[in-house]
Amino acid sequence: MMTNEQVLKIDENDNVVVAIRDINKGETIVVSSLKIQVQDEIPIYHKMAIEDISLGSPILKYGECIGFAYKDIKQGQHVHTHNLRSKN
């Protein structure tokens, strides 16, 4: 698990992080030495992509697939019901 004052990466294989505070569009955050330009407003406890995720690709959180990209998701974008289809 990796945390800083902005985000929590739960498993090293995750392609999303969880915001532990509201993050503003345009901020730069560092995750595992990777600098990411935030593309959307990310509310506290919501997910943000830390890499580009293609349509249909798995969303990984907790080291597990929690769903699939409903559309292409760019690094730094908010990941939520508007672009994530649940695994069920």
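First, a word on scope: everything that follows refers to the structure included in this document. (Residues numbered from 1 in each chain as written. Predicted model: local features only at pLDDT ≥ 70, side-chain atom pairs only at ≥ 80, totals over all residues. Heavy atoms only, no water.)

To continue, consider the overall build of the protein. Counting secondary structure elements, the protein contains 0 helices and 10 strands. Listed by position from the N terminus, the elements making up the protein come as β-β-β-β-β-β-β-β-β-β. For a compact globule of 88 residues, the expected C-alpha radius of gyration is about 12 Å, and the protein comes in at 12 Å, within 12% of that figure. Within the protein, the fraction of its 88 residues that count as buried is 36%. By sequence separation, contacts in the protein at least 24 residues apart represent 40% of the contacts at least 6 residues apart. Of the roughly 5,200 Å² of accessible surface on the protein, 48% is carried by carbon and sulfur atoms. Across the protein, the centroid of the 10 positively charged side chains sits 5 Å from that of the 12 negatively charged ones. (Helix = DSSP H or I, 4+ residues; strand = E, 2+ residues; numbered from the N terminus. Rg over C-alpha atoms; globule rule 2.2 N^0.38 Å. Buried < 20%, exposed > 50% of the residue type's maximum accessible area, 1.4 Å probe, protein only. Contact = heavy atoms within 4.5 Å. Areas by Shrake-Rupley, 256 points an atom, 1.4 Å probe, with all protein chains shown as cover. Lys, Arg positive; Asp, Glu negative; His and termini not counted. Charge placed at Lys NZ, Arg CZ, Asp CG, Glu CD.)

Counting 11 residues, the largest nonpolar core consists of V7, V17, A19, I23, I29, V31, I36, V38, I42, M48 and I50. Of all the secondary structure elements, the ones that give two or more residues to this core are strand 3 (16-19) and strand 4 (28-31). What I23 contacts, discounting residues up to four positions off in sequence, is Q6, V7, I29, V38, D40, E41 and I42. A49, I59, V79 and L84 belong to the second largest nonpolar core, which has 8 residues in total. (Core = buried A, V, L, I, M, F, W, Y, C linked by side-chain atoms within 4.5 Å.)

Right, let's talk about unusual backbone geometry for a bit. Even without a glycine there, the phi angle at S32 is positive, about 50 degrees. With respect to the element layout, S32 can be found in the loop between strand 4 and strand 5 (34-37). Overall, S32 belongs to the partly exposed group, its relative accessible area being 46%. Positive phi values are uncommon outside glycine, yet S33 reaches one of about 65 degrees. With respect to the element layout, S33 can be found in the loop between strand 4 and strand 5.

Structurally, E27 can be placed in the loop between strand 3 and strand 4. Here R21 takes part through its side chain, which lies 2.7 Å from a polar atom of the side chain of E27. Side-chain polar atoms of E27 contact the backbone nitrogen of N24, separated by 2.7 Å. Not counting residues up to four positions away in its chain, the partners in contact with E27 are Q6, R21, I36, Q37 and V38. (Polar contact = N/O pair within 3.5 Å; in protein donor to acceptor, adjacent residues only side chain to side chain.)

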